[in-house]
Amino acid sequence: SGVNYSDQFPILCKVAKALDCNIDEDFIDDLLVELVKLRKRGTKLQYKCNKSHRTISYVHVPVNTTDKSFHQQKQWLEDALEINGSKNDQHEEAYRRAAEFLAKKEEAAVIKGLQKVGLPVVEAMSATKMVAMCRDVDLPVGKEEVVFRHLRDHFGKKAFDGKRAMRMLGDDYVPVKAKHAMHSYVEGEKEEKIHFSYKDIKLAVTRAITERLRALSGQHGWEKLKKIKRTDIMNGGDHGGGAFQAGCNICVSFEDDDVPSQIFDLCLAEVVCRKDNAEILGKTIIPIFEEALKEITEKNLTVGLNKDGEIECVIGNGEAEGLTDKVCVTKIIYIIGDLAYYAMILGRENSSGHWCYICKLSAKEYAHLYKEGDPMTYEFMNECAKDYKDSKGKDCKYGVKARAWFQFIPLENILCPLLHLLIGIGNDILDNFKDVVNRDVEKLDPREVTTRQKFVQCELAISRDVARREEFDASVPGKELSRLKGVIYRRTKALAKLGEIEQSSRRGASSKDDTDVLLDEIDDYVENDEVVDGEDDEDQAQPPSEPNRGTQTTNPRLQEAIAKNKEELKKAEDEAKQLIEKREKIATEVTKGRSLLRRLKKKLTDFRSTRKRSKNGIEAKMLKVLKSIGVEVTKYHGGSLTGKDIRKVIANASYVFDEFAKILKEDRKADGLSETEIDKLCEDHKLTFLLWDGAFSTARTIDPTEGDIVLYEKFVYAAVVSHISIGCSVTHKVHLMYKHVAVHMRVPGGLGQKMEDWVELQHQGGMRERTQYRTMGDMQKAAEARERRRCEASNTGVIEVQTGVHERAKRKFKEKSRHVEEVRREERELHRKLALIRFNLSMIPIVRLLKRWTAATRARLSGTTDDTE
């Protein structure tokens, strides 16, 4: 081939000449095979170059197709890395460099290999997983950044997506608007701003349904998803934590049982106000809600495929959006909330304790169980509202003072609020039990019982007065008073300083320039009229130090400053006088209440001392029992239990009242109830709780049958009779359970998925959000930031990640066993049924007696019986 081998390969040429053969590829290959065989040691072949005096190494690399063959012939890789790091014994560095190269070249293959040998591998955490983690623990934005700063430092920057990727999950948030309205809480006072925010309600509802259906489409397909049985939209609202939260809960159910129902809630509006009333809601969000809900009610809800082939839900027939293969979804609008909210929307504000909102019975009338009330109608309430208006507020019938809102929603769709009914009835039973124990078991002095009651009332009154004081401080007059106090404080300090300057000026101790500098500093000081930390009321109330008038200063600017500050001080004091008096009235009530509370506490101590009773008596032991099941004792001691705590008492009624019986028998007084009577007292209250538990549990049945409704009627009748027999009264909530809940159980789907728990949960979320974003001065930006955060949390991918994490975190048992909650549920169901059987058995003698009395009455009226009969 024209290559001069003699110059480049002299040794090879000598060998070929000695062997008298030609140098070609076959010759070289054969020679190379023999040389390799001669010098090869294992998989290595090494030789020393005489010219460069360097050792040259070659490694025999086999071809492997299986893991087994690779592990059998893996020595070549070890030899190669050993050779690569042979200089200065850098073997570890050689391995590191090779691993780094492989990670860059084939990252996925390296990760699989590490996982196979059991080494921990940190995969990059996606933005969806990051948001799912943060929203699961409700981390504020500021703390999120700190947490990920530490995580990135530990795991590396590439282990997590960036902040922008997280925020992109919330880019598709529903537009929100922040506005304000003027309102005066007290007639005659200056109006103040009521800030409120609201979403595009129609867009929020349709987009939420769209997202849920798209999330299901991958698993179930459009053909199943388009067969929607019904969509229930529950609208509601409640006030708590300094704001009124309004939203809706949506339940989408399908005809195919394989497709799970989708239940989710949306926060649609918020009104930041110290207390809610119809006037505030009417000025803020009610007009917006009425317009949106009316359109949703009157127009079709359509689901179909858009131009891109994706599922989409719209209000209307879907023609404008170009939907194909579309279906019109059956939808029903409901209203859910507490009884006070119902009274407001029905134009019957402050009447929830006096009139039934469904029928025309008053509190006195529904106290008699046999009374049947005529159903209330919008037409009748509109007439009452007209009469009230014409009479200028004098003729108030059935508590109606104004026209009802949302009259396009049928009155029967304003559902009985089961959670609030449960809270009210449960607290009534516990309070009754506590009163009986005080009166008949502990045999307390009536004055001590009264003192205990007054103690609780006094605590509540103090809380009310403190709230009034805080309400005043947060109001426009309160803020004005705070500003005036700042003016008084600063002008007082300024006059004191001016007096020192004047005296120094007379003594000649200060030059004119120094005086002017100080005067400039004082001007800057008094310009800020706000109260700052450290300026307490006592400092502000001190009278100004009068400048010494022995000799008038000749500085005209100093004279002008003194006159100006005196004038502004007098003006501020005059303006603040009435406001201070108004606040002092409230503050005096707080001080008076606390003084009375101390005296009541001393009285209770004296009563205990007289009876030689320690603080660890019956009451303390009963509270300990409640604490053992997770009830917050302070709330019980202060008055009412929350819904969460009442549920715990009802779920553990058998245990609680069995323990109460032991305590009462152990600490009973000689002249109190006997052990038999104590057993009966606890059994009766336990029976009442179990019967109500059965009634509420049956009322929450999803898609109830007629048999379920009949069972509910049996439970509620037994519960009401038992409720009255232990001494509790028939309240509005008892009346609703007895007369109206069974009717509402017949609405499509029943009441099981139409409870108001979600309304209460929105309070907690709203309070946390307002705290996190309280420093943002721009209400619009704050509302948008909060909505973006909600959008991130409601992302279907985020929800799937959270659900998956919780499922994988559950304990996996080797042997399949029944869950503890399942066993408890069955035990609870058994206790309910036994309670109903026990009640029915107790009624047999009464039924027999009634039958005999009826027969005797009929016989006497017919004249066929004697006097003995």
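Read on for an overview of the structure.

**Focus: the overall build of the chain**
- Across its full length, the chain holds 35 helices and 12 strands.
- Per-residue burial for the chain yields a buried fraction of 38% across its 869 residues.
- Roughly 50500 Å² of accessible area belongs to the chain as shown, and the carbon and sulfur atoms make up 52% of that amount.

**Points about the sheet that holds strand β11 (residues 324-329)**
- Across the sheet, three strands lie side by side as β10-β9-β11; this open sheet has antiparallel pairing. Looking at which strands have only one partner, the edges of the open sheet turn out to be β10 (311-315) and β11. Averaged over all adjacent pairs, the angle separating strand axes in this sheet is 25 degrees, with direction ignored.
- As paired strands, strand β9 (residues 301-305) and β11 are joined by four bridges and run antiparallel to one another. Counted as the bridge partner of L305 is T324 from β11.
- Lying over the sheet, helix α11 (residues 201-220) contacts β9 and β10, oriented at roughly 160 degrees with respect to β10.

**So, the packing of aromatic side chains**
- A complete count under the given rule lists 14 aromatic pairs for this structure.
- On the numbers, 4.8 Å between centres and 55 degrees between planes, the contact of W355 with Y398 is tilted. Of the two residues, W355 is situated in the loop between α15 (339-345) and α16 (363-366) and Y398 in the loop between α17 (378-390) and α18 (418-441); the sequence distance between them amounts to 43 residues.
- Classification of W355 as partly exposed rests on a relative accessible area of 23%.
- With a centroid separation of 5.2 Å and an interplanar angle of 75 degrees, the aromatic rings of F380 and Y398 are classed as edge-to-face. One end of the pair, F380, is in helix α17; the other, Y398, is in the loop between α17 and α18, and 18 residues separate them in sequence.
- The partly exposed category is assigned to Y398, whose relative accessible area is 24%.
- An aromatic cluster is defined as three or more aromatic residues linked by ring pairs; in this entry it consists of F433, F657, F660 and F689.
- The ring of Y185 carries R274 above its face, with NZ or CZ at 3.9 Å from the centroid.

**Notes on empty space enclosed by the protein**
- One pass over the structure, following the stated rule, counts four cavities of 30 Å³ or more.
- Of the voids in this model, the largest cavity is the one considered here, and its volume is about 80 Å³.
- Lining the largest cavity are N235, G236, F244, A246, I285, I286, F289, L293, I335, Y341 and F406.
- With three residues, the single largest contributor to the lining of the largest cavity is helix α14 (residues 286-298).

**A short note on the nonpolar core**
- In terms of nonpolar packing, the biggest core is built from 144 residues, with F406, L664, W692, M737 and V741 touching the most fellow members.
- Not counting residues up to four positions away in its chain, the partners in contact with L664 are F433, V437, V441, I618, M622, I678, L681 and C682.

**Concerning α17**
- Taking 1.5 Å per residue as the helical rise, α17 with its 13 residues ought to reach 18 Å, and the 18 Å between its terminal C-alpha atoms agrees with that figure.
- Backbone geometry just downstream of α17 places K392 in the positive-phi region, at approximately 55 degrees.

**Some points on unusual backbone geometry**
- Despite not being glycine, D138 has its phi angle at roughly 55 degrees, a positive value.
- Residue position: D138 is located in the loop between α8 (127-136) and α9 (141-155).
- Take D138: its relative accessible area is 26%, and that puts it in the partly exposed class.
- You will see that D703, though not glycine, has its phi angle at about 50 degrees, which is positive.
- Tracing the backbone shows D703 in the loop between α28 (675-699) and α29 (706-725).

**What about the pattern of salt bridges?**
- Tallied over the full model, the rule gives 50 salt bridges.
- Across the salt bridge formed by R770 and E270, the nearest N and O atoms sit 2.8 Å from each other. You can see R770 sitting in helix α32 (residues 757-772) and its partner E270 sitting in strand β8 (residues 262-272), a full 500 residues away along the chain. Comparing R770 with E270, the two get one shared label, buried.
- Across the salt bridge formed by R491 and E568, the nearest N and O atoms sit 2.5 Å from each other. In this pair, R491 is assigned in helix α20 (residues 476-507) and E568 in helix α23 (residues 556-611), connecting sequence segments 77 residues apart.
- Look at the salt bridges and you will find they share partners, linking R135, D138, E144, R167, R768, R789 and E792 into a network.

**Quick look at the environment of G643**
- By secondary structure assignment, the location of G643 is in helix α26 (residues 643-651).
- Of the residues examined, G643 reaches a relative accessible area of 10% and is grouped as buried.
- For the pair G643 and L422, spaced 221 residues apart in sequence, the C-alpha separation works out to 7.3 Å.

**As for the side chain of N235**
- Following the sequence through the fold, N235 ends up in strand β6 (residues 228-240).
- Look at N235 and you get buried, because its relative accessible area is 5%.
- Those residues within four positions of N235 in sequence are excluded, and the remaining contacts are G247, C248, L293, I333, Y334, I335, I336 and W758.

**Considering the state of the cysteines**
- Under the definition given, this model contains zero disulfides.
- The thiol of C384 is unpaired, and the distance to the nearest cysteine sulfur, on C396, comes to 8.4 Å.
- Since its relative accessible area comes to 2%, C384 is described here as buried.

Rules used in this analysis
- Residues numbered from 1 in each chain as written.
- Predicted model: local features only at pLDDT ≥ 70, side-chain atom pairs only at ≥ 80, totals over all residues.
- Heavy atoms only, no water.
- Helix = DSSP H or I, 4+ residues; strand = E, 2+ residues; numbered from the N terminus.
- Buried < 20%, exposed > 50% of the residue type's maximum accessible area, 1.4 Å probe, protein only.
- Areas by Shrake-Rupley, 256 points an atom, 1.4 Å probe, with all protein chains shown as cover.
- Pairing = 2+ DSSP bridges.
- Axes fitted to C-alpha atoms, helices over the stretch in contact; angles between N-to-C directions.
- Contact = heavy atoms within 4.5 Å.
- Phe/Tyr/Trp six-rings, centres within 6.5 Å; stacked < 30°, edge-to-face > 60°.
- Lys NZ or Arg CZ within 6 Å of the ring centre and 35° of its normal.
- 1 Å grid on protein atoms, 1.4 Å probe; cavity = no way out; pocket = protein on both sides within 12 Å on 5 of 7 lines; lining within 4 Å.
- Points joined across faces, edges and corners; volume = space filled by probe spheres on them.
- Core = buried A, V, L, I, M, F, W, Y, C linked by side-chain atoms within 4.5 Å.
- Expected span 1.5 Å × (residues − 1).
- Salt bridge = Lys/Arg side-chain N within 4 Å of Asp/Glu carboxyl O.
- Disulfide = S-S within 2.5 Å.

Keep in mind that these numbers describe shape and distance, not what the molecule does.
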